[in-house]
Each structure stands twice: as structure tokens, then as C-alpha cells.
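# Close look at the chain arrangement
The residues making up each chain are set out below.
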Amino acid sequence: MAAITLRNIEKAYGSGPKANKVIHGVNVDIADGEFVAIVGPSGCGKSTLLRMVAGLEEITSGEIDIGGRVVNQLEPAERDIAMVFQNYALYPHMSVFDNMAYGLKIAKVPKAQIEERVQKAATILELGGLLQRKPRELSGGQRQRVAMGRAIVRQPQVFLFDEPLSNLDAKLRAATRLEIQKLHAELGVTSLFVTHDQVEAMTLGQRLLVMNAGRIEQIGTPEQVYGTPASTFVAGFIGSPPMNLLPGRADGSRFTVDGGVNGSLNGRVNGGAGGASLSPLTLPAAAPRAGPLTLGVRPEHANLQDHSEQGVSWPLQVEMLEMLGAERLVYGRLGGAPFTLRIDSTRSPPRPGSTIGLQVRPEHLHWFDIGTGQRVS
């Protein structure tokens, strides 16, 4: 096992003034045995970053350190890493056993040792009864386990996962996530896991590395990233449905929402208040500063006001309901801007067209600079 350190990693395609820079000065330290999920939208550079660690992409500048040695000039085979790809990359004419053993045979590992490693990996991944089958005789989930088994038998210092669950259906993805968690708990190998799915990142990663346009937006535990997002990008990307983001102007304990700007990132309710700002909202606690700010509230942190309750209340104009089994999403407008509320499905739902009162606790208010998008303490 080994720690990974990325120092000022940059990647550009081409050179000179026409160079297309895709990775901008990434710095991160990954501890020995840590599982880090790299998450972000398509095109943000997360797979490019992983491929640079693997040696499949040249870096433009910076250093990659694996296990205390700089590997910039080393070939992928010399970096002591194993990679699991999205498309399994299995040899169709080989059995499961031979697919898992192939890399060891090429490395001229003794036959008895190959047998021992493959059998151990097959036991961990519950593939013992499938070792003589061909890939075409396996389900998608079983093929992905074979791909992971091929990586395990290498006994590398680092595992690299490049969106390995993208080709699986929802049920298989959930089951395979559990298997990957068990695998890391048993082997404790340093792992980098690339995904665009924030649920995968939250459930698997001990820390998340959130990327946007080739830059790191935030690094932290799932609890830190979800609870205190560093920017409006993180707030809108992590969480389903995403955080409500209301642009407006703060003045002490009053906040006037700009109803003409769709700043919530929900995109589920269209229309608007024609650019008009409605009556200011009364805040349960004063804003951190006066002037233009973006107010963030997660859908589950706004509560329906009980008639017996006193205190600050916000009027939500209900437009649409969505039933999701154990919970229900209420879409509407707050101060003229789109707002999503999550409620328990056992509660009596509000009627579309009605106005309901919302209450939010002070600790559930998030504030961001309206220009930079960065969190305001």
C-alpha cells in the first residue's frame, strides 16, 4: 500500500497560446489505505486526472508521488497500480480464471502462486463457482467483479477505478457498491474512485474530491462536503435534489429574493416572477453581511409550519408535487424564485396553487458570495 501526493498537476493539450488547458494546478494528499472518490460532471477532468496517476496520460507540469517515489517518468506497469475500467475489458475467449490470472502469467509469477491468488480473490468476490465460465455467460455485475478480481490478484499499492459501475442497472450498482466497500475494508488498499454519480461518491468515499472545470472545488469527508459546501457549485451538485440557491440582497435579518434569476439550479419548475422582487423574507438569524448574497437551503431542512407554531415563516407558493415512495417533493416559488421542499409522504400534501408556511432553523442557512460563488462564513 502507498500514499499518493499530487503537486501542482496541470494538463494541457497542445502548446503555446492555443493550448487547451484541462487540469489547473491540482494539489492533494491521499493517505495510505484511504479511499477517495473523485466526483464531478462530465468533462470536468476527473478521468484525465486518474489516467495521469495511472501513467496513461502525460502530465504537462507537476509531480505525482506514489509510495514515496515520483512516478512522472515511469511506465504504467512500473507504478504498481491496478485499474478497473467502465467497460470491464475482459478477454472474451478466456475463462474467468484465465482473465484474472493473465497479468500474473505475463509477469511470470509461479503457477502455484497464481492459483492461490486467483482462488483467494474469487472467494472474496464470490466467484468461486464461475471460474470456468466465459465472460458471455456472466451478468454485468459478475463481469465487473471479474474485472475487480483481476486487479486484486495483482496485489498493487493502489487501486484506480474509472466509473466502474456506469454500465450496471440501479439494483446492481447498489449491490456492487456494497461489494467495493467490503473489498476496501478487507484489503485496505489506497483507492481512487472516479464517478459522476454523487450518490456513489457519498457512499463509497472516505473523502470526496469535487472537481469543476479542471479545478478542485472542495476536498472533505462526505459529511463536510454535504453539510458545509464550499461553493454554489458544490451545493448544487452534491445532494439529490440539490440545495435551493436563492440569489438576492441581505439587510440584517431581512432577505429580498431576486425573483427574476433562476439561481436554484433545480431546473424542475420553470416560469418566474417576471423579474419582480417580492416582499423580503424574515430570516431566523441575521445574514453574515449586507448586500448581494446567495442564500442556500437544502430541501429537507425546510419544514412545514404547524398552525400551533410561532416564529419566522416563509410563504411558499406550491406549483407541483412529486411522489417518491417514502418521501414527497413539493415544487414551488419562494420570493419569486424556484424552491424545492422534501416532506415525508405520510404527511398530508399541500395542494398545487396553495401557499404554505416554511420554517428553517438558523444553522441550516448557507450563504455564498453572489459574484464568486464561494461560501461566506
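## A look at the overall build of the protein chain
Along the protein chain, the regular secondary structure elements total 8 helices and 20 strands. When its C-alpha atoms are laid out on the principal axes, the protein chain stretches across 75 × 50 × 30 Å. Looking at the protein chain as a whole, 49% of its 377 residues are labelled buried. Accessible surface computed for the protein chain: about 17400 Å², of which carbon and sulfur atoms make up 49%. Of note, the protein chain has its 38 positive side-chain charges centred 4 Å away from the centre of its 36 negative side-chain charges.

## Some details on the nonpolar core
In this structure, Met100 and Val118 are the most contacted members of the largest nonpolar core, which totals 35 residues. If you list the elements that add at least two residues to this core, you get strand S6 (81–84), helix H2 (96–106), helix H3 (111–124), helix H4 (140–152), strand S7 (158–162) and helix H5 (170–187). With residues up to four places along the chain from it excluded, the contact list for Met100 reads Val118, Ala121, Ala122, Leu127, Leu131, Val146, Gly149, Arg150 and Val153.

## Remarks on the packing of aromatic side chains
One pass over the structure, following the stated rule, counts 7 aromatic pairs. For the pair Phe35 and Phe193, a centre-to-centre distance of 5.9 Å together with 35 degrees between the ring planes defines the contact as tilted. Here the residue Phe35 occupies a position in strand S3 (residues 35–39), and Phe193 occupies one in strand S8 (residues 190–195), the gap between them amounting to 158 residues. Judged by relative accessible area, which is 2%, Phe35 ranks as buried. Among the aromatic residues, ring-to-ring pairing joins Phe35, Phe159, Phe161 and Phe193 into one connected group. Over the ring of Tyr226 we find Arg298; its NZ or CZ atom is 3.8 Å from the centre of that ring.

## Re the pairing of strand S2 (residues 20–30)
Bridge analysis of strand S1 (residues 4–13) against S2 gives 7 bridges, and the strand direction is antiparallel. In the strand pairing of S2, Ile4 is matched with Ile30. Counted along the chain from S1 to the antiparallel partner S2, the turn is 6 residues long, and its residue Gly14 has a positive phi close to 90 degrees.

## Observations regarding the pairing of strand S11 (residues 244–251)
Of all 8 residues in S11, 6 are buried; the element is thus mostly enclosed. Here 7 bridges tie S11 to strand S14 (residues 291–297), and the two strands are oriented antiparallel to one another. Of the residues in S14, the one forming a bridge with Gly248 is Leu293.

## Topic: the packing of H2 against H3
Axis separation between H2 and H3 bottoms out at 10 Å; the angle between their running directions is 135 degrees. Between H2 and H3, the angle is such that the two are oblique. In this structure, H2 meets H3 at a crossing whose hand is right-handed. Residue-level contacts link Phe97, Met100, Ala101, Leu104 and Lys105 of H2 to Ile114, Glu115, Arg117, Val118, Ala121 and Ala122 of H3. Classifying every residue of the contact of H2 with H3 by side-chain character gives 8 nonpolar, no polar and 3 charged.

## Considerations on empty space enclosed by the protein
This structure, assessed with the given rule, holds 1 cavity of 30 Å³ or more. Of the voids in this model, the largest cavity is the one considered here, and its volume is about 50 Å³. Taken together, Phe35, Phe159, Phe161, Ile180, Leu183, His184, Leu187, Gly188, Val189 and Ser191 make up the full set of residues lining the largest cavity. When contributions to the lining of the largest cavity are tallied by element, the ones reaching two or more residues are S7 and H5. When residues in the lining of the largest cavity are grouped by element, the largest group, 4 residues, is from H5.

## A look at the sheet that holds S11
What the 5 strands build is an open sheet, ordered S13-S12-S11-S14-S20; its pairing is antiparallel. The outermost strands of the open sheet, each flanked by one partner alone, are strand S13 (281–282) and strand S20 (366–369).

## Considering the layout of surface pockets
Taken as a whole, the largest pocket encloses approximately 500 Å³ of empty space. Lining the largest pocket are 20 residues, and of these Ile81, Ala82, Met83, Phe85 and Arg154 sit closest to its centre. Its residues assigned to classes, the lining of the largest pocket shows 16 nonpolar, 2 polar and 2 charged.

## Considering the environment of Ala285
Within the element layout of this structure, Ala285 appears in the loop between S13 and S14. Each residue touching Ala285, except ones within four places of it in the same chain, is listed here: Ser253, Pro362 and Leu365.

## Considerations on the pattern of salt bridges
Tallied over the entire structure, the rule returns 14 salt bridges. Salt-bridge contacts for Asp98 lead to Lys105; the nearest nitrogen and oxygen are separated by 3.2 Å. For Lys105, a relative accessible area of 41% translates into the label partly exposed. Among the ionic pairs, Glu200 bridges to Arg173, the shortest N-O distance being 2.8 Å.

## Topic: H2
A turn of α-helix holds 3.6 residues, and therefore any two residues three or four places apart point the same way. Every buried residue belonging to H2 is among Val96, Phe97, Asn99, Met100, Ala101 and Leu104, and all of these are buried. Close packing links the buried residues of H2 with H3 and H4. Of the residues flanking the end of H2, it is Lys108, one or two places downstream, whose phi is positive at about 60 degrees.

Procedures and definitions
- Residues numbered from 1 in each chain as written.
- Predicted model: local features only at pLDDT ≥ 70, side-chain atom pairs only at ≥ 80, totals over all residues.
- Heavy atoms only, no water.
- Helix = DSSP H or I, 4+ residues; strand = E, 2+ residues; numbered from the N terminus.
- Buried < 20%, exposed > 50% of the residue type's maximum accessible area, 1.4 Å probe, protein only.
- Areas by Shrake-Rupley, 256 points an atom, 1.4 Å probe, with all protein chains shown as cover.
- Lys, Arg positive; Asp, Glu negative; His and termini not counted.
- Charge placed at Lys NZ, Arg CZ, Asp CG, Glu CD.
- Core = buried A, V, L, I, M, F, W, Y, C linked by side-chain atoms within 4.5 Å.
- Contact = heavy atoms within 4.5 Å.
- Phe/Tyr/Trp six-rings, centres within 6.5 Å; stacked < 30°, edge-to-face > 60°.
- Lys NZ or Arg CZ within 6 Å of the ring centre and 35° of its normal.
- Pairing = 2+ DSSP bridges.
- Axes fitted to C-alpha atoms, helices over the stretch in contact; angles between N-to-C directions.
- Parallel < 35°, antiparallel > 145°, perpendicular 65-115°, else oblique.
- Left-handed = near helix turned anticlockwise from the far one by under 90°.
- Nonpolar A, V, L, I, M, F, W, Y, C, P; charged D, E, K, R; others polar.
- 1 Å grid on protein atoms, 1.4 Å probe; cavity = no way out; pocket = protein on both sides within 12 Å on 5 of 7 lines; lining within 4 Å.
- Points joined across faces, edges and corners; volume = space filled by probe spheres on them.
- Salt bridge = Lys/Arg side-chain N within 4 Å of Asp/Glu carboxyl O.

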